[in-house]
Amino acid sequence: MRKPILFLAAMILLVSAAAAFSADLETLVKERSVTLYPEGQLLGDLVIGARGKILFVYVDKALAHAVRGTEMPPEWLSWYSRYWGTDQAKGKALFIIRYEANKLWTFDPCDISIGGRRLERGDILTDKAFIAEGDLPSGAEGILSIVVPLESAAPGKATTMAYLEDSVEWTVPAK
């Protein structure tokens, strides 16, 4: 009689721990994210006239460990954060950039800048064959892993994320 009760208690504890951990991952992603709407105007929670949407997700040690420690993280987050801790990202700030076209958008990843520094082709870690660029139709999506020098996105410091002349100020999480 005691074994089924102990087993049930252990399962409840395990399920609640897993749910709490995934909530922590979601919180970490929200804290490390900022969204930019090129050519868009914000009216409260409404965005009008945006060419597209660009989500910048800062990948640091805390987020990378949470992704690796979560049983079923979102596939895009798991796949594109895998560069954290690699030689390509050592001594640099790693970002995942998710973008989506709302209307026809001629997208060039080198039009993105972080901390006043425009991206260069060498900053993009994603395999070139998988980069959605050029004339993107409405609904087209893409994801990139990129690195920038730490001085462009130093933890605890305010930095500017931009696409051409549209920008948003954001503070890089310190921990």
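Preceding this section is the structure that the text describes.
Let me begin by describing the structure that accompanies this report. Numbering of residues begins from 1 in every chain and follows the order in which that chain's sequence is written. Per-residue local features of the predicted model are confined to residues with pLDDT of at least 70, and side-chain atom pairs are confined, for both listing and counting, to 80 or more; whole-chain, interface and lining totals are unaffected and use all residues. Derived side-chain values reflect all non-hydrogen atoms in the structure, with water molecules and hydrogen atoms excluded from consideration.

Re the sheet that holds strand 1 (residues 33-36)
Then, number 1: Read across the open sheet, the 4 strands follow the order 1-4-5-10; overall the sheet is antiparallel. Two strands in the sheet have a free side with no partner beyond their single neighbour: strand 1 and strand 10 (141-149). Each strand of the sheet is rotated relative to its neighbour by a mean of 20°, with strand direction disregarded.
Then, number 2: At least two bridges found by DSSP between two strands are what make those strands a pair. Only runs of H or I of at least four residues qualify as helices and only runs of E of at least two qualify as strands under DSSP, and these elements are numbered from the N terminus. Pairing of strand 5 (residues 92-101) with strand 10, which is carried by 9 bridges, proceeds in the antiparallel orientation. Within strand 10, the position partnered with isoleucine 96 by the bridge is serine 145. Throughout, an axis means a line fitted to C-alpha atoms (over the contacting stretch in the case of helices), and angles, computed between N-to-C directions, take values from 0 to 180 degrees.

Points about the pairing of strand 12 (residues 166-171)
Then, number 1: The pairing of strand 11 (residues 158-163) with strand 12 spans 6 bridges and is classified as antiparallel. Each bridged residue has a counterpart across the sheet, and for threonine 160 the counterpart in strand 12 is glutamate 169.
Then, number 2: Taken together, strand 11 and the strand that follows it, strand 12, pair antiparallel across an intervening segment of 2 residues, in which leucine 164 is found at a positive phi of about 50°.

Considerations on the environment of cysteine 110
Then, number 1: Along the chain, cysteine 110 falls in the loop between strand 6 (105-107) and strand 7 (112-114).
Then, number 2: Residues cysteine 110 and tyrosine 163, 53 residues apart in the sequence, show an inter-C-alpha distance of 8.9 Å.
Then, number 3: Residues are treated as being in contact if the distance between any of their heavy atoms lies within 4.5 Å. Leaving out residues up to four positions away in the same chain, cysteine 110 has contacts with Arg118, Leu119, Glu120 and Arg121.

Observations regarding the nonpolar core
Then, number 1: The biggest cluster of nonpolar side chains holds 27 residues, and the ones touching the most others in it are Phe56, Phe95, Ile97, Tyr99 and Ile146.
Then, number 2: With 5 residues, the top contributor of residues to this core is strand 5.
Then, number 3: Those residues within four positions of phenylalanine 56 in sequence are excluded, and the remaining contacts are Arg32, Ser33, Val34, Leu36, Phe95, Ile96, Ile97, Ile112, Ile114 and Met161.
Then, number 4: In plain words, nonpolar cores are sets of buried Ala, Val, Leu, Ile, Met, Phe, Trp, Tyr and Cys residues tied together by side-chain atoms within 4.5 Å. Accessibility here uses a 1.4 Å probe with only protein chains present; expressed as a share of the type maximum, an area under 20% marks a residue as buried, one over 50% as exposed, and anything in between as partly exposed. Ranked by size, the runner-up nonpolar core spans 20 residues in total, among them Leu28, Leu63, Tyr80 and Ala89.

Here's the deal with the pattern of salt bridges
Then, number 1: A pair is scored as a salt bridge if a Lys or Arg side-chain nitrogen falls within 4 Å of a carboxyl oxygen belonging to Asp or Glu. Enumeration over the complete set of coordinates arrives at 10 salt bridges.
Then, number 2: In this structure, arginine 32 engages aspartate 60 in a salt bridge whose closest nitrogen and oxygen atoms are separated by 2.9 Å. Pair noted here: arginine 32 is in the loop between helix 1 (2-31) and strand 1 and aspartate 60 is in the loop between strand 4 (52-59) and helix 2 (61-69), with a separation of 28 residues, a long-range link.
Then, number 3: Given the relative accessible area of 0%, arginine 32 is considered buried.
Then, number 4: With its nearest N and O atoms 3.3 Å apart, the salt bridge here joins arginine 51 to glutamate 39. Here arginine 51 is found in the loop between strand 3 (46-48) and strand 4, whereas its partner glutamate 39 is found in the loop between strand 1 and strand 2 (41-43), with 12 residues between them in sequence.
Then, number 5: Via salt bridges that share partners, Glu31, Arg32 and Asp60 belong to a single interconnected network.

Overview of the environment of arginine 51
Then, number 1: Look at arginine 51 and you get partly exposed, because its relative accessible area is 22%.
Then, number 2: Distance from arginine 51 to glutamate 39, taken between C-alpha atoms, is 5.7 Å for residues 12 residues apart in sequence.
Then, number 3: Those residues in contact with arginine 51, other than ones at most four positions away along the chain, are Pro38, Glu39, Ala101, Asn102, Lys103, Leu104 and Trp105.
Then, number 4: The term polar contact refers here to a pair of N or O atoms within 3.5 Å; inside protein, the definition further demands a hydrogen-donor-capable atom paired with an acceptor-capable atom, and it admits residues adjacent in sequence only when both atoms are side-chain atoms. Within the structure, the side chain of arginine 51 is placed 3.3 Å from the side chain of glutamate 39, a separation counted as a polar contact.

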